[in-house]
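Structure assessment
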Amino acid sequence: MKFSRLIFPETRAALACTLTAATLAACGGGSSSTSDPLQKYREQSVQWTACDPTILGTTSEKLDALWQQLGDRLSCGLVKAPLDWANPERGDVAISAMRVAAGAPEKKRGALLFNPGGPGIDGLGLTFNLLTAFADSNPDSAQGAMQLRLLAEYDMVGFSPRGTGASTRLQCATNELQRFVDMSAAGYTPDNVANAEYNATKTVQACQKNPITPFINTDATARDLDLLRSLLGEDKLNYLGYSYGTWLGAWYANLFPERVGRMVLDSSQNFFSTHEDMSLAMPWARQRVLDEVLVPYAVRHADYFQLGATQAEVRAVIPQMSPQMQHVLGSPLSRLGYNQSDADKYLMTIAAARGVDAVLQSVADLQDQEAVEQTLAQHVFHPVDTGRDAAVREIAQDLLNDYAASWIVKPQPKNIALDYGDAVLEAVRCNDTPATTDPATRAALAQDLRRRAPMFYGIVYQDTCAFWGGPRVSKPDPAAMQPLPVLLVQSQYDSATYTEGANAFFAQLPQASRVYVPGDYQHGVYPYKDSCVDSTVTRYLLGESPAQRETFCPAQPLQQDKPAEAQTVTPKSTRGAGPSTYKNPAQAHEQIDKFKRGLIPSNPRR
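Residues numbered from 1 in each chain as written. Predicted model: local features only at pLDDT ≥ 70, side-chain atom pairs only at ≥ 80, totals over all residues. Heavy atoms only, no water.

What follows covers the overall build of the protein. What the protein contains, in helices and strands, is 22 helices and 11 strands. A compact globule built from 606 residues should have a C-alpha radius of gyration of about 25 Å, and the protein, at 25 Å, falls within 12% of that. Taking all contacts inside the protein whose residues are at least 6 apart in sequence as the whole, residues at least 24 apart take part in 77%. Between the mean site of the 55 positive side-chain charges and the mean site of the 64 negative ones, the protein shows a separation of 4 Å. (Helix = DSSP H or I, 4+ residues; strand = E, 2+ residues; numbered from the N terminus. Rg over C-alpha atoms; globule rule 2.2 N^0.38 Å. Contact = heavy atoms within 4.5 Å. Lys, Arg positive; Asp, Glu negative; His and termini not counted. Charge placed at Lys NZ, Arg CZ, Asp CG, Glu CD.)

In this section: the pattern of salt bridges. Side chains carrying opposite charge are able to pair once their charged atoms draw close together. Counted under the stated rule, the structure contains 24 salt bridges. Between Asp226 and Arg259 there is a salt bridge; the shortest N-O distance is 2.4 Å. With Asp226 in helix α8 (residues 218-231) and Arg259 in the loop between α9 (244-255) and β7 (260-266), the pair connects residues that are 33 residues apart, well separated along the chain. Like Asp226, the residue Arg259 is buried in the burial classification. (Salt bridge = Lys/Arg side-chain N within 4 Å of Asp/Glu carboxyl O. Buried < 20%, exposed > 50% of the residue type's maximum accessible area, 1.4 Å probe, protein only.)

Per the stated rule, a full pass over the model turns up five cavities of 30 Å³ or more. Its volume calculated, the second largest cavity comes out at about 80 Å³. Every residue lining the second largest cavity is counted, 14 residues in all, and those nearest its centre are Pro119, Pro161, Thr221, Tyr244 and Val424. (1 Å grid on protein atoms, 1.4 Å probe; cavity = no way out; pocket = protein on both sides within 12 Å on 5 of 7 lines; lining within 4 Å. Points joined across faces, edges and corners; volume = space filled by probe spheres on them.)

Before going further, it helps to examine the layout of surface pockets. The calculated volume of the largest pocket comes to roughly 1300 Å³. Here the lining of the largest pocket gets five residues from one element, more than from any other, and that element is helix α13 (residues 323-336). Looking at the lining of the largest pocket residue by residue, the class counts come to 15 nonpolar, 12 polar and nine charged. Roughly 1100 Å³ of internal volume is contained in the second largest pocket. Together, 40 residues line the second largest pocket, and Leu56, Gly125, Phe128, Asn129 and Lys594 are the ones closest to its centre. Listed by contribution, the elements that provide at least two residues to the lining of the second largest pocket are α4 (61-70), α5 (127-135), α17 (420-432) and α22 (585-597). Considering every element that reaches the lining of the second largest pocket, the biggest residue donor is α4, with five residues. Partitioned by chemical class, the residues of the lining of the second largest pocket number 17 nonpolar, 16 polar and seven charged. (Nonpolar A, V, L, I, M, F, W, Y, C, P; charged D, E, K, R; others polar.)

Think of an α-helix as turning once every 3.6 residues; residues three or four places apart then point the same way. In a regular helix each residue adds 1.5 Å, so 20 residues correspond to 28 Å; helix α14 (residues 343-362) covers 29 Å between its end C-alpha atoms and thus fits that length. Most of α14 is tucked away: 15 of the 20 residues are buried. (Expected span 1.5 Å × (residues − 1).)

This next bit is on the packing of aromatic side chains. Two descriptors summarise a pair of aromatic rings, namely the distance from one centre to the other and the angle between the planes of the rings. As enumerated under the stated definition, the model contains 16 aromatic pairs in all. Measuring from ring centre to ring centre gives 6.0 Å for Tyr516 and Phe552, while their planes differ by 90°; the resulting arrangement is edge-to-face. Here Tyr516, found in strand β10 (residues 513-517), pairs with Phe552, found in strand β11 (residues 550-552); they are 36 residues apart in sequence, far enough to count as distant. Taking relative accessible area as the criterion, Phe552 reaches 52% and is therefore assigned exposed. Every member of this aromatic cluster is reached through a ring pair, and the members are Tyr188, Tyr457 and Tyr461. Here the basic side chain of Arg179 rests over the ring of Tyr198, its NZ or CZ set 3.6 Å away from the ring centre. Positioned over the ring face of Phe506 is Arg549, at 3.8 Å from the centre of the ring. (Phe/Tyr/Trp six-rings, centres within 6.5 Å; stacked < 30°, edge-to-face > 60°. Lys NZ or Arg CZ within 6 Å of the ring centre and 35° of its normal.)

Mapping Cys553 onto the fold places it in the loop between β11 and α21 (572-575). Spatially, the C-alpha atom of Cys553 lies 6.3 Å from that of Val533, the residues being 20 residues apart in sequence. Beyond its immediate sequence surroundings of up to four residues, Cys553 is in contact with Val515, Tyr516, Val517, Pro518, Asp530, Cys532 and Val533.

The subject of this paragraph is the sheet that holds β7. If you walk across this open sheet you meet the nine strands as β1-β2-β4-β3-β6-β7-β9-β10-β11, and the pairing is mixed. Every interior strand has two partners, whereas the edge strands, β1 (74-82) and β11, have only one. Strand after strand, the sheet turns through a mean of 20° between neighbouring axes, direction not considered. Note that strand β3 (residues 110-115) and strand β6 (residues 237-242) share four bridges and pair parallel. For Leu112, the partnering residue across the bridge sits in β6 and is Asn238. Lying over the sheet, α5 contacts β1, β2 (92-100), β3 and β4 (154-159), oriented at roughly 150° with respect to β4. (Pairing = 2+ DSSP bridges. Axes fitted to C-alpha atoms, helices over the stretch in contact; angles between N-to-C directions.)

Now for the nonpolar core. Leu113, Met263 and Met481 are the most contacted members of the largest nonpolar core, which totals 81 residues. In contact with Met481, not counting residues within four places along its chain, are Ala250, Ala253, Asn254, Leu265, Val486, Phe505 and Leu509. Listed in part, the 46 residues of the second largest apolar core include Val317, Leu333, Ala353 and Ala404. (Core = buried A, V, L, I, M, F, W, Y, C linked by side-chain atoms within 4.5 Å.)

Let us look at the pairing of β4. Burial analysis of β4 places six of its six residues in the buried class, the great majority of the element. Neither face of β4 is left uncovered, since the one carrying Tyr154, Met156 and Gly158 and the one carrying Asp155, Val157 and Phe159 both have all their residues buried. Alignment of β2 against β4, held across four bridges, turns out to be antiparallel. Residue Val100 lies in a different strand from β4, and its bridge partner there is Met156. By the bridge criterion, four bridges tie β3 to β4 in an arrangement that is parallel. Residue pairing in the sheet places Gly110 in a bridge with Tyr154 of β4.

Moving on, we come to helix α19 (residues 499-507). Residues of α19 that are buried: Thr499, Gly501, Ala502, Phe505 and Phe506. Around the axis of α19, the buried residues are gathered within 165° of arc, so they sit on the same side. Looking at the buried residues of α19, the elements they touch are α9, β7, α10 (275-300), β9 (487-491), β10 and β11. (Arc of directions from axis to C-beta.)

The values are spatial; any link to function lies outside them.
Here is the structure:
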């Protein structure tokens, strides 16, 4: 990769001078078009055409209406990039991009490219929910007017990173059958660990059978990103990246610091660390959200959640469940720990799991499905509020189905096969940075996580990188981006990109500024539907950097912490003393929530 890092930033004339001694004679004048193996990629003609209405893999009346509304401003293009940037003769991959042209071309300041993270999440249609929300902005509001300026002055560009979505996809699959792994703390046994390692090694073999796997890595994606920037006609990359998208943005900034324009890194991974370090931090970051945010929240509203009147009582609920139920509960709690708007459902899920566990322990024969269903129907989840009882019961039914699939029905094992999202996740993590391979060290790490985060430590069972054979690329020198005025955004209790890592990253960037939300656990903060985060980030994207190094913004209250009159109306923080940011706040907030849910990986336990 050293060779490709050398050649990519140069002009074609300089490239012709560096590739071989035979081309040196041509550097003083004349044409040497064949000496640059990347020329065909840089000079390709991208056809921006009408998008296929199913290119996002889904369709709906709302989406169709939005496409009609955008008209000629919406277009799709396919970019060819080298499979191997260091050896372009290996062949091509296709990178799919979708562009919404600036609403006021005469005021256009550039293109704003988005990445939702993962790695493995398709970013092609990422902009749509955000665009829909911002298009509803109220021009009479200062924040609304700025958001309308964003849509007027930027081309909004989403793309499918290599391996995902509508680009060349990565697949990892094999005939071998997946073995069952108990994710509960009680499941840490030699047989269970052996099953996990079998799955991991077979997954690695399946991925490495695919010839494009070595080239699914952040270095290649960063170069794809720069190629896309160039083909869009932009001198600088303006970029908004979330989660892993911050790692991608940092990789780009350290490869091409002179090409960075306005760069927002929201919910930051620590680029000075490794993917393994970040993965091992996720379980205890998730446990911290439960212990320090959601348990106190349940106690503040004990009558509402029915989990206990003291923190000790609430903390005891999960450990009192059977290990089998704890295995089932870990995955939904991991998923619900990304977004503070899911706080109520998170606690409802715990209540539902407690109820299902009690039902299952009271039925003599779990194979008697009718008896299980009848006992569940008789169980009371909330003694007073029938609506709340029905909501928890609905979650309970889903948990019962998951429990049955794991512990009662015992379905036939499935072939080991990853969808493109999980396949890209494994390839990028393992191709980018090294991992611990020593079995004793790995066992000690697992035991430590089992003690600190018993509900979430099962992520260690899915560690394929220990069996990968080492990274395929070298991370660029992180010092290159230190002079850049990038903007970071972070919430204190983020369960996916933990605060300590984000803080360490920020500390290494003396020219960066940051927007920080203490007390919240939102993963993917912007837009935050407030007048502090949203104003600071939007102003930055419009060219105005914060005056101070760090801006502290108040956390949004959790649903039951809001005043009663605010539970079903527009949050006060968006109303303020003046006009609302959005003409239809409820609809805009719904679109923003959909946008943020798009930042959550399909398998949050990986």
